[in-house]
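Report on the structure
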Amino acid sequence: MSSDALENARFTYEQHLQTCRQCHADAAPCAVAKHLLRIYNNARRDRLRSGGHQAPTA
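Every chain is numbered on its own, with residues counted from 1 as its sequence reads. Whole-chain, interface and lining totals are the exception, using all residues; otherwise, since this is a predicted model, local features are given only for residues with pLDDT of at least 70 and side-chain atom pairs are given and counted only at 80 or more. Note that the side-chain values use all heavy atoms of the structure and ignore hydrogens as well as water.

With that out of the way, let us pick up the overall build of the chain. The helix and strand labels rest on DSSP assignments: H or I over at least four residues marks a helix, E over at least two residues marks a strand, and numbering proceeds from the N terminus. Along the chain, the regular secondary structure elements total three helices and zero strands. Along the chain, from the amino end to the carboxyl end, the secondary structure elements read α-α-α. Throughout, exposure labels follow a simple rule: accessible area from a 1.4 Å probe, protein chains only, divided by the maximum for the residue type, with under 20% read as buried, over 50% as exposed, and the rest as partly exposed. Counting only residues that meet the buried cut, the chain has 26% of its 58 residues in that class. Of the roughly 4300 Å² of accessible surface on the chain, a fraction of 52% belongs to carbon and sulfur atoms. Per-residue and other accessible areas follow the Shrake-Rupley method at a 1.4 Å probe size, with only the shown protein chains counted as cover for residues.

Further remarks concern the confidence of the model for the chain. Interpreting fine coordinate detail is not advised for predicted regions of low pLDDT. Averaged over every residue, the pLDDT of the chain is 87; residues scoring 70 or more account for 84%. Between the elements of the chain, mean pLDDT differs from a low of 90, seen in helix α2 (residues 21-25), to a high of 94, seen in helix α3 (residues 31-49). As a per-residue measure, pLDDT reflects the predictor's confidence and takes values from 0 up to 100.

A few words now on the state of the cysteines. Pairs of cysteine sulfur atoms within 2.5 Å are identified as disulfides in what follows. Using the criterion set out here, one finds zero disulfides in the structure. Its sulfur unpaired, Cys 23 is 3.6 Å from the next cysteine sulfur, which belongs to Cys 20. Left unpaired, Cys 30 is separated from the closest cysteine sulfur, that of Cys 23, by 3.6 Å.

Written out as structure tokens, the structure is:
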């Protein structure tokens, strides 16, 4: 279950970065990208705390 949440969060974040006009136009990620990255990092931390193996970093 936690690996599904982790993969979903990673996919959503990466997909946003590829499709967001603001992220492409500015040197900094937009507010939505920052929020999605926060969700991904939380899912990664939860997986590590639950004894999961090393998760990929974004």
